Amino acid sequence: MLSVARYGLHTLRTRWVTFAGSFVALCLGVGLLTVTGLALASTLDAPRRAPERFAAAPVVVRGADTLRVATPIGTRAQKLAQPRAVPAAAVAALRKLGRVTPDRTFAVRLANAGNGPGDLVGHPWSVAAFAPYEIASGRAPRTAREVVTTGTWAKPGRTLGTDRGDVTVVGTVADRGFEHAVFYTDARAARLAPHSTQLVVAAAAPAVRNAVRGNPGVRVLTGADRRFADPDPDRDREALNALNALFGTAGGVAAFVSVFVVASTFAFAVAQRRREFGLLRIAGATPGQLRRTVVAEALLVGGLASAVGCVLGRYGAPGLARWTVDGGLAPGWFRIGDGHRWPYCAAFATGLLVALCGAAAASWRAGRTGPAEALREAAVDDRPMTAGRRLSGGVLLLTAAVLLFLALLHDPGGLLHRKSYVSRPMLLITAVALLAPVLVRPLTRLLTWVPARLPGAGGMLVRENAAAGVRRTAAVAAPVLVTVALTGSLLGTAATLNAARAVETRDRTTAAFVVTPAAGGFAETTLSALRSVPGAELSATSASAVYVLEDGVALIRSAARAADPAALEATTRLPLVSGRTTGLDDDSIIVNEEWENHTVGERVRVWLGDGTRRTLRIAAVMPTGTGDNGAYVTPANAPGAAVDRVDVALRPGADASTVAAGLRAAARTSGAHVLTRDRWIAETYPETDRTTRLGLLLVLGIALLYTGISLVNTMVMATSDRVRELAALRLAGAGRRQVLRLVGAEALTVVAVGAVLGLLVTALDLAGVAAALHALSVPAALTLPWTTLPWAALAVTTAGCAALAVLASVVPAALTLRHRAVDLAGVRA
């Protein structure tokens, strides 16, 4: 007689559909883990970029652009919002050493966006030689209305309408690949951008260092360090940090989904075989022998599937890299290599461990039952919930509630961070999935209450089959639960936060009109013209930042707006919890409750946007809100910050249409936009930025692709286990089409059960978001987050799951029913 272990290995051939389903689920799960692991490994090292704009420059001197503060645990640094220019005394000393060429960079916007690149930047012609750029056609600019452009998009002689005035292209230079530039004469560039933070010196580096000694923060850049004078020199490292966070999140989701689905699939596969286990117990097999059988099968299937999954991941990783590059998530040079070995080892070990744990946990109960009880349980799921499963589900649900309560108590804002709201639903999904067998039977009866009362036996059979096979229904519903819950939670949270920010903006803005510049900031001439409009009361504000040292060791940057207090009071309704807007002056600051010190009247030490240290009195305090309630200071405390927004209120008796016409006339020459309050609010409605949106799509795409395949896989396994049941229906007189309709209706019912459970998880998750918004004093209208649910995405997702489930159940059933019912009735279930 064959041993139990050898019997177990022989079942790989006789029950190939069940084992194939487990193999596919595990193989794809390991493949996903391998891909995300390789992607993470590829984000650890950024390439060292060579100097670009100043590759041919002898020495570059850059003003202070970083704030450094000494703390007991080391120096902390933050980039300054307004970098400082090189001090005039130092510039005078440098001019004695050799020629000094100031560098100026400013945005240029075409009047017709389709006429050229949308990311044009202006420079003085004198710095073109340091790239080096050389004239390819035409000549250098000589007058204020002449320019030279990079590339071939504009030919010499062409007139361009820009926000800086109309200009004529008189020459072109070859595009060097790192910018789309427009070169003006030095005099014109100096008028367009008076502030210069760096300059090129034609002198020996040691002499330059001696000349700037004694000027804190001023850097002398030579050799490879000249790249720090390029725009955004750390963009490669920042891009990789963003990718690391993205792939880390995607990897976490992939790990959760794959472990969840694989464990569920293996558990279902073992549960399908309790009749076999009962027969083996009757034949004398011990519980330990049954468990060793399952472990041997899991080792064989798990090892082979994990190995194949690693190979699939190796070939799938380059495709992920191409997608991230094409979508703009990664720089063009990014590649996912296979030089790292730890992702393969981690994915293989995870796959094998999950296979063993999933199979062993599911077989434990079968090994503990008596022979007759095992045979009886194989027919009907009369006790689908074990004490361990009930306890685990309850503990996880309680843990989720406790963690939410603690977060709301100590850091409600942390619940709104992307990493938090991406990972938070996982605990709820697991808890609800563990408790699903308790919910399946009443939920199934509720969903089929109407069909079961219609004429004919079809509705009743659907209800009883789905309610009796609780384990099968729960296993098939699990992928749908994950799919719907992730879609609703991630997209619903993002939409809820956007709606919250929009409500904050609407409640805060009381101006009749908002004027925004075409690019950069407003010129003083434009501001003067706007102020001269009769009946208009202006509040010109600037974007800046302040820095505060909290707990003595953390240097925190807070966004700030500079505004005149009286004008701000007339155009803006700040959501204050204490103090008054008019209390703001040159010796004070308005902060929010997130600051460590936020008591009105107390003084707080801060560093301004240019690094100047000040001690300011707290004039008022705002609630934390969604995180956009930054500080407010006066223009005196935002040196170098350009006005980038003008709010306009109507003076008493002023006519709105007359004021609007005057504003448009004053703004016409600069290309500034004059919008009504409602129009401005509509156009600035917070949208999930493209990078975040693509990141969410990546995370969801990985999860949905895998759960979709797993749904098909589980449905095929479940249908293959119902051969005798289908044969019994045929022998009872049901036609082939009737049986197939019944199978399809059951599949739709199970999908509906999974979708309802997924919506339950979504509702619980968004309730936590609503509670966090309430704790942060966001307007009460947002306590109904289901109004922001992505119903279209949920409908498409559920419809896709339904289509896959119906196909994956009806097609195998149709193939099975090609055989005679009498022959099928003898097939072992």
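Residues numbered from 1 in each chain as written. Predicted model: local features only at pLDDT ≥ 70, side-chain atom pairs only at ≥ 80, totals over all residues. Heavy atoms only, no water.

Participant: I'm lost on the overall build of the protein chain in this one. Help?
Facilitator: Along the protein chain, the regular secondary structure elements total 23 helices and 23 strands. Expressed as a percentage of the 829 residues in the protein chain, the buried residues total 50%. Summed over its atoms, the accessible surface of the protein chain is roughly 36,100 Å², and 60% of this surface lies on carbon and sulfur atoms. (Helix = DSSP H or I, 4+ residues; strand = E, 2+ residues; numbered from the N terminus. Buried < 20%, exposed > 50% of the residue type's maximum accessible area, 1.4 Å probe, protein only. Areas by Shrake-Rupley, 256 points an atom, 1.4 Å probe, with all protein chains shown as cover.)

Participant: Whenever I open this one, the sheet that holds strand 4 (residues 100-103) confuses me. Can you help?
Facilitator: Either a parallel or an antiparallel arrangement is found when strands of a sheet pair, and the pairing is made through backbone hydrogen bonds. Here we have four strands laid out as an open sheet, ordered 4-12-1-13, and antiparallel in their pairing. Whereas interior strands pair on both sides, the edge strands pair on one side only; in this sheet they are strand 4 and strand 13 (219-221). Each strand axis lies, on average, 25 degrees off the axis of its neighbour in the sheet, ignoring direction. Of the strands in this sheet, strand 1 (59-62), strand 4 and strand 12 (198-201) touch helix 3 (residues 88-95), which is tilted by about 15 degrees from strand 12. Across the face of the sheet, helix 5 (residues 205-212) comes into contact with strand 1, strand 12 and strand 13 while running at roughly 15 degrees to strand 1. (Pairing = 2+ DSSP bridges. Axes fitted to C-alpha atoms, helices over the stretch in contact; angles between N-to-C directions. Contact = heavy atoms within 4.5 Å.)

Participant: So what exactly am I meant to see when it comes to helix 21 (residues 736-775) here?
Facilitator: Working note: α-helix, 3.6 residues per turn, so residues spaced by three or four point in the same direction. Across its 40 residues, helix 21 extends 59 Å between first and last C-alpha, which sits within 8% of the 58 Å expected from 1.5 Å per residue. Ser777 occupies a position one or two residues after helix 21 and carries a positive phi of about 65 degrees. (Expected span 1.5 Å × (residues − 1).)

Participant: Mind showing me how you'd approach the packing of aromatic side chains here?
Facilitator: Each pair of aromatic rings is reported with the distance of its centres and the angle of its planes. This structure, assessed with the given rule, holds four aromatic pairs. Ring geometry for Tyr133 and Phe183: centres 5.2 Å apart, planes at 65 degrees, overall edge-to-face. Of the two residues, Tyr133 is situated in the loop between strand 6 (120-124) and strand 7 (135-138) and Phe183 in strand 11 (residues 180-184); the sequence distance between them amounts to 50 residues. Residues Tyr133 and Phe183 agree in their burial class; the two are buried. (Phe/Tyr/Trp six-rings, centres within 6.5 Å; stacked < 30°, edge-to-face > 60°.)

Participant: Can you walk me through the nonpolar core in this structure?
Facilitator: In a soluble, globular protein the nonpolar side chains are often hidden away together inside. Among the nonpolar cores identified, the biggest contains 88 residues, and Leu243, Val253, Val257, Phe334, Ile336, Ile429 and Leu486 are the most heavily contacted of them. If you look at the next biggest cluster of nonpolar residues, it comprises 19 residues, including Val515, Leu530, Val533 and Val648. (Core = buried A, V, L, I, M, F, W, Y, C linked by side-chain atoms within 4.5 Å.)

Participant: Just to check I follow, could you spell out the packing of helix 15 (residues 524-531) against helix 17 (residues 656-667) for this structure?
Facilitator: Axes are the key here: two packed helices are described by the angle between their axes and the distance separating the axes. For the pair helix 15 and helix 17, the least separation of the axes is 9 Å and the interaxial angle reads 160 degrees. As judged from the angle between their axes, helix 15 and helix 17 are roughly antiparallel. Where helix 15 crosses over helix 17, the handedness of that crossing is right-handed. On helix 17, the residues touching Thr526, Ala529 and Leu530 of helix 15 are Leu663, Ala666 and Ala667. Split into classes, the residues belonging to the contact of helix 15 with helix 17 amount to five nonpolar, one polar and no charged. (Parallel < 35°, antiparallel > 145°, perpendicular 65-115°, else oblique. Left-handed = near helix turned anticlockwise from the far one by under 90°. Nonpolar A, V, L, I, M, F, W, Y, C, P; charged D, E, K, R; others polar.)

Participant: Help me understand the pairing of strand 14 (residues 513-516), please; the structure alone is not making it clear to me.
Facilitator: Residues of strand 14 alternate between two faces, with Phe513 and Val515 on one and Val514 and Thr516 on the opposite face, all of them buried. Bridge count between strand 14 and strand 22 (residues 643-650): three bridges; the pairing is antiparallel. The residue of strand 22 that forms the bridge with Val514 is Asp647. In the sheet, strand 14 pairs with strand 23 (residues 673-676) via four bridges, with the strands oriented antiparallel. Counterpart to Val514 in the pairing with strand 23 is Leu675.

Participant: For this particular structure, what's the right way to read helix 15?
Facilitator: Among all positions in helix 15, only Thr526, Leu527 and Leu530 are buried. Taken end-on, helix 15 shows its buried residues confined to a sector of 100 degrees, consistent with a single buried face. Those residues of helix 15 that are exposed and aimed more than 90 degrees away from the buried face are Glu524 and Thr525. On its buried side, helix 15 packs onto strand 14, strand 15 (536-550), strand 22 and helix 17. (Arc of directions from axis to C-beta.)

Participant: Can you walk me through a nonpolar patch on the surface in this structure?
Facilitator: A cluster of nonpolar side chains, contributed by Leu398, Val402, Leu403, Phe405, Leu406 and Leu409, occupies part of the molecular surface with about 580 Å² of accessible area. Here Leu409 is to be found in helix 11 (residues 387-410). According to the relative accessible area criterion, Leu409 is exposed, its value standing at 54%. (Patch = residues over 30% accessible without salt bridge, like charges linked within 9 Å, V, L, I, M, F, W, Y side chains within 5 Å. Salt bridge = Lys/Arg side-chain N within 4 Å of Asp/Glu carboxyl O.)

Participant: When you look at unusual backbone geometry in this model, what are you seeing that I'm missing?
Facilitator: With an omega of 0 degrees, the peptide bond running from Ala131 to Pro132 counts as cis. Inspection of the secondary structure puts Pro132 in the loop between strand 6 and strand 7. Not every positive phi belongs to a glycine, and Asp551 is a case in point at roughly 60 degrees. Topologically, Asp551 is positioned in the loop between strand 15 and strand 16 (554-562). Judged by relative accessible area, which is 60%, Asp551 ranks as exposed.

All we've got here are geometric facts, nothing functional implied.
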